[in-house]
Amino acid sequence: MQKIKSLMARQGLKSPQESMADLSPVENLRIPSKEELRELREQPIDPQAEQEIIDSIEEVYFSNDSFDMVQHELEKLPPELNLQELEEYRDKLKRQQSAVSKKVADLILEKQPAYVKELERVTALQTNLQLAAVICTNARRQLSVAKEGFTEASLGLLANQRRRQLLTGLLKSLRTIKTLQRTDVRLSEMLEEEDYPGAIQLCLECQKAASTFKHYSCISELNSKLQDTLEQIEEQLDVALSKTCKHFDVLHYTKVQLAYKLLGKTQTAMDQLHMHFTQAIHNTVFQVVLGYVELCAGNADTKFQKMQYKDLCTHITLDSYIPCLTDLCKALWEVMLSYHRTMQWHEEHDKQENTPTPDDAAAAAESDELVVDRSYVKKKLEHGLTRIWQDVQLKVKAYILGTDMSNFKYDDFIVVLDVISRLMQVGEEFCGSKSEVLQESIKRQSINYFKNYHRARLEELRMFLENETWELCPVKSNFNIAQLHEFKFMGQCRSPSVSPSRQAVTSSTLAQEELSLFQQYLQEGNPFEMHIEHKEEETEDVLASNGYESDELEKSVYQDYDSDSDVPEELKQDYVDEQTGDAPLKSVSRETIRSKKKSDYNLNKTNAPILTNTTLNVIRLVGKYMQMMNILKPIAFDVIHCVSQLFDYYLYAVYTFFGRNDMYESSGLGLISSRLRTTLNRIQESLIDMEAVGENAGVHGPGEDRKEKVPSPHLSQLVVLTNSGSLYGLAQRVVATESLVFLAEQFESLQSHLDTMMPAAKKPFLQQFYSQTVSTASELRKPIYWIVAAKAIDYEQMLLLMAGVKWDIREIMSQHNVYVDVLLKEFEQFNKRLGDVSRHVRIPLPVSNVLWEHCIRLANRTLVEGYANVKKCSNEGRALMQLDFQQFLMKLEKLTDLRPIPDKEFVETYIKAYYLTENDMEQFIKNHREYSMKQLANLVNVCLGSHINKKARQKLLAAIDDIDRPKR
């Protein structure tokens, strides 16, 4: 270090501190000579070795300038000094000093040009500072001269001008303050005019202006007053917003929304709006129900206003139930329509405001805020749809369940279903809801109502069946159930959920059907008013006193009614068609009459369906059941089950009245199929109350299971089935049986419609009902008409006549026996009686065929029985039997067109069996089980002696006995 300092002294250089203290002459600085620098470099050394020497220096030497190196080295000396070690340590320190000196010298030489350059800049700065000092001195001197040059008068003039400007500004401020104080009057006027945006805009401008003059003491009070006014505006704005919930007005709502936008409370407004809608629903339904309750209660002291809505609904009377429900739905419709129009307003408003985003940053920020508000409003409105509809459902549910509707008239209950169905349609269009709450509540009421209603209808059906005289109810040949008003709903091309009261569809209403309810009634009208109008128009046709007490049974159904003045009014009311007479015959040509078959006893009748008033009432009742099912699908299965019971009971009644007879089993004709027998047993077990006795049995029947059953009906005493002149009540039997067949045909035509209504899980029931019950209706013809056939012909007389014939003759006869003529005469008489009956009741071809089949079958079996009673018979006697039978067939074929003749082979085979040999006879006995044991045994006994010996006889009788044994 000393060497460096000495070097600097020789060069005339000073330390940086000294150089900054003395910056005067630049000429004192000089650059070291080349010789001096060379001296520092005289001792060359390896750079790496030099760096290692520097690195070996202790850290303490680099600490600070106050470090005492001598003291440090002396303190390091050991107590005992060694000259050689000292010298070595001294040489080491010298080497370190030398390396440091050389490194410093190299650094100085390296930085010298920069040092010289910086020194030059410092010198230039010193020169500039001296120049600035001169300029400042001159400026001070000039200011002093200027100060002395101005007078006090000129400065006074300037002060007055400034005061004048201040006073002008003050006057302007005072005028503004005066205007602000008068704005409250204008604000009140604007609020009365419902100009909420203008009032808020004015108020906000006043607040902004007031903040400019807040340094005035009078302004603080004005600020407080403006804030109160703004709060008052918000309160009025909230009231104005609540008014839109019941009666939406576009201009009014636009003002309100613009006002909230100016306040920056668009989202708050939407929250408030939903709260108001909820409150509007509650207040509306409460006021409607309260009005009807108080009206019906009269001057009662009950404080209905303090009641809960649910409790209030229980005080609605039956007479006021439907008007109140209709008004309730009308009021709720207005609320939902207002909400729908509110959503429409926001959608249209959003489309109008969808402009490109401006470039200005402030405008862009405002636009982002609008987007956020729109998004919030849209989501809030969408979520509010379900919430509003849920509130509506709960209110209507409370009303529906508040009254027991089990005793309602049918037409009244249909009106209730109609209104609720329309309300559910509104809900579906409103928010896409399936209205589970409404469906469940109306389902509960419907099931409850329908059970009672169906029970009453079954009792009425029993009463009608017991009073039915089974007289023909003439209808037109083109009669169809679609012509009945109860089935008009099926002809309308619309969804089953739409109420059935909307029957009269014109081209204009069809066009309206394509529009939603909210589109149809957006501006005016109410979907629940339309129902009442149609109800008034169609009361006579659609809802006629439960379908049974109608005095004008079919007057309104068929338009082509005989209006002759000489026809009694009673006949016009009782029949849906004119009485049979000349009119129907006019449409039947002579060729048609000639082409008629002998078995068709309808030459003087139109081909009109055969049915009774009871049949027509059952059909009407089915139509009403289907109306209810059409509106309310959840109870479809219950309704269809009840519909099936109507048919079951009618079928069972016809069977018990006309078809039950103990002679069936003994006849061996298989008159009742196993399917029909199963059906009758099922009906008897599930529907018929066998324990009931007497007329009051249905009222006092104990047990829960008997509530679902009906006593078996009894045939009216006016119906006589024992008179041979009327063919044992054939006319009544035909009307009863064919009306059942007609009823089954109508059920068949309704199957597809019922199938669409039936839940998928319950469809097997419907299919089984049709396959096991409806399809068996025509099978009742056999047992019912068999009774007539069995009594119409005197088969016993024929057996007696046959018993008097001698069959063991020895010559072939050419003349048939008398019993054949007697039998044919019986058939001719039967044919004549059929013709007589057909003058009163049309006998369809299937019926006449069944009657002829039964008669011929019984006659043939009587012939076989007569032949089986013969004790002795020759070959010629057998030939006579064949002659008699051929004569019978020939004459019989002229009386009937029935082909082939039933049981013809039954007789012929038995007659020919006389000629069989022993082996053939044995095979014949085994193969022909249709013959009785007596008939087979007689066959064997008669053949004894001619071509069968006693041994063969015993063998054949044993074979017959073997066949008979399993039957015992």
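Note that the coordinates shown come from a computational prediction; the quantities given were computed from them, not determined experimentally.

What should I look at first to understand the overall build of the chain in this one?
For the chain, the count of helices and strands is 38 helices and two strands. Each of the 968 residues in the chain was classed as buried or not, and the buried ones make up 43%. A separation of at least 24 residues holds for 79% of the contacts in the chain among residues at least 6 apart in sequence. Total accessible area computed for the chain in this model is approximately 53100 Å², and 52% of it derives from carbon and sulfur atoms.

What should I look at first to understand the side chain of Ser716 in this one?
Within the fold, Ser716 resides in the loop between β2 (710-711) and α28 (730-757). Residues in contact with Ser716, not counting those within four places in the same chain, are Glu466, Asn467 and Glu468.

Quick question: what am I supposed to make of the packing of aromatic side chains here?
For any two aromatic rings, the description comes down to two numbers: the centre-to-centre distance and the angle of the planes. Overall, the coordinates contain 31 aromatic pairs when judged by the stated rule. Measuring from ring centre to ring centre gives 4.7 Å for Phe450 and Tyr625, while their planes differ by 65°; the resulting arrangement is edge-to-face. With Phe450 in helix α16 (residues 436-467) and Tyr625 in helix α23 (residues 613-631), this pair connects stretches of sequence that are 175 residues apart. By relative accessible area, which is 3% here, Phe450 ends up buried. Through a chain of ring-to-ring contacts, the aromatic side chains of Tyr410, Phe413, Tyr449, Phe450, Tyr453 and Tyr625 assemble into a single cluster.

Quick question: what am I supposed to make of unusual backbone geometry here?
Negative phi values dominate among residues other than glycine, just as trans dominates among peptide bonds. With an omega of -5°, the peptide bond between Arg899 and Pro900 qualifies as cis. Unlike most non-glycine residues, Trp470 shows phi in positive territory, near 60°. Take Trp470: its relative accessible area is 1%, and that puts it in the buried class. Of note, the phi angle at Leu727 is positive, near 55°, even though the residue is not glycine. Along the polypeptide, Leu727 turns up in the loop between β2 and α28. The exposure class of Leu727 is buried, given its relative accessible area of 0%.

Explain the packing of α16 against α23 here, please?
Between two packed helices, the angle of one axis relative to the other and the distance separating the axes together describe the packing. At a minimum axis distance of 11 Å, the contact between α16 and α23 shows a crossing angle of 170°. On the basis of the axis angle, α16 is roughly antiparallel to α23. Residue-level inspection shows Tyr449, Phe450, Tyr453, His454, Arg457, Leu461, Phe464 and Leu465 of α16 in contact with α23, the latter providing Thr614, Asn617, Val618, Leu621, Lys624, Tyr625 and Met628. Within the contact of α16 with α23, the residues separate by chemical class into 10 nonpolar, three polar and two charged.

Got a minute to help me understand the nonpolar core in this structure?
Soluble, globular proteins show a tendency: their nonpolar side chains are buried together. Grouped together as the largest cluster of nonpolar side chains are 224 residues, with contacts concentrated most on Phe827 and Phe888. Ignoring any residue separated from it by four or fewer positions in sequence, one finds Phe827 in contact with Ile793, Trp852, Cys855, Ile856, Ala859, Phe888, Leu892 and Leu895.

Sorry if this is basic, but what is going on with helix α26 (residues 674-686) here?
Helical geometry: 3.6 residues make up each α-helical turn, so side chains three or four residues apart lie on a common side. In this model, α26 (13 residues) spans 18 Å end to end at C-alpha, consistent with the 18 Å of a helix rising 1.5 Å per residue. Close packing links the buried residues of α26 with α24 (636-659), β1 (688-689) and α29 (763-772).

How do you make sense of the packing of helix α34 (residues 875-895) against helix α35 (residues 904-912) when you look at a structure like this?
Orientation of α34 relative to α35, taken along the N-to-C sense of each, is 165°, at an axis distance of 10 Å. By the criterion of interaxial angle, the relationship of α34 to α35 is roughly antiparallel. Crossing of α34 over α35 shows left-handed handedness. Contact with α34, carried on its side by Arg878, Met881, Gln882, Phe885, Gln886 and Leu889, involves Lys904, Val907, Glu908, Tyr910, Ile911 and Lys912 of α35 and no other residues of that element.

Would you mind going over the pattern of salt bridges with me for this structure?
Taken as a whole and assessed by the stated rule, the structure comprises 23 salt bridges. Between Arg121 and Glu118 there is a salt bridge, with the nearest N and O atoms lying 3.4 Å from each other. Linking Arg121 with Glu118, this pair stays in helix α6 (residues 83-149), spanning three residues, or about one helical turn. By relative accessible area, Arg121 is classed as exposed at 56%. The partly exposed category is assigned to Glu118, whose relative accessible area is 43%. Its salt-bridge partner being Asp271, residue Lys380 comes within 3.4 Å of it at the nearest N-O pair. Remark: Asp271 occurs in helix α11 (residues 266-297) and Lys380 occurs in helix α14 (residues 361-401); sequence separation between them is 109 residues. Given a relative accessible area of 26%, Lys380 falls into the partly exposed group.

Could you clarify how one ought to interpret a nonpolar patch on the surface in this entry?
Where nonpolar side chains cluster on the molecular surface, the patch consists of Val70, Leu74, Leu77 and Leu81 and spans about 380 Å² of accessible area. Summarising the element assignment, Leu74 is placed in helix α5 (residues 69-76).

What's the story with α11 in this structure? I'm lost.
With 32 residues, α11 should reach 46 Å at 1.5 Å per residue; the first-to-last C-alpha distance of 46 Å fits that figure. Downstream of α11 by a residue or two, Gly298 has a phi angle that is positive, lying close to 70°.

Cut-offs and rules
- Residues numbered from 1 in each chain as written.
- Predicted model: local features only at pLDDT ≥ 70, side-chain atom pairs only at ≥ 80, totals over all residues.
- Heavy atoms only, no water.
- Helix = DSSP H or I, 4+ residues; strand = E, 2+ residues; numbered from the N terminus.
- Buried < 20%, exposed > 50% of the residue type's maximum accessible area, 1.4 Å probe, protein only.
- Contact = heavy atoms within 4.5 Å.
- Areas by Shrake-Rupley, 256 points an atom, 1.4 Å probe, with all protein chains shown as cover.
- Phe/Tyr/Trp six-rings, centres within 6.5 Å; stacked < 30°, edge-to-face > 60°.
- Axes fitted to C-alpha atoms, helices over the stretch in contact; angles between N-to-C directions.
- Parallel < 35°, antiparallel > 145°, perpendicular 65-115°, else oblique.
- Nonpolar A, V, L, I, M, F, W, Y, C, P; charged D, E, K, R; others polar.
- Core = buried A, V, L, I, M, F, W, Y, C linked by side-chain atoms within 4.5 Å.
- Expected span 1.5 Å × (residues − 1).
- Left-handed = near helix turned anticlockwise from the far one by under 90°.
- Salt bridge = Lys/Arg side-chain N within 4 Å of Asp/Glu carboxyl O.
- Patch = residues over 30% accessible without salt bridge, like charges linked within 9 Å, V, L, I, M, F, W, Y side chains within 5 Å.

Distances and angles like these do not, on their own, reveal function.
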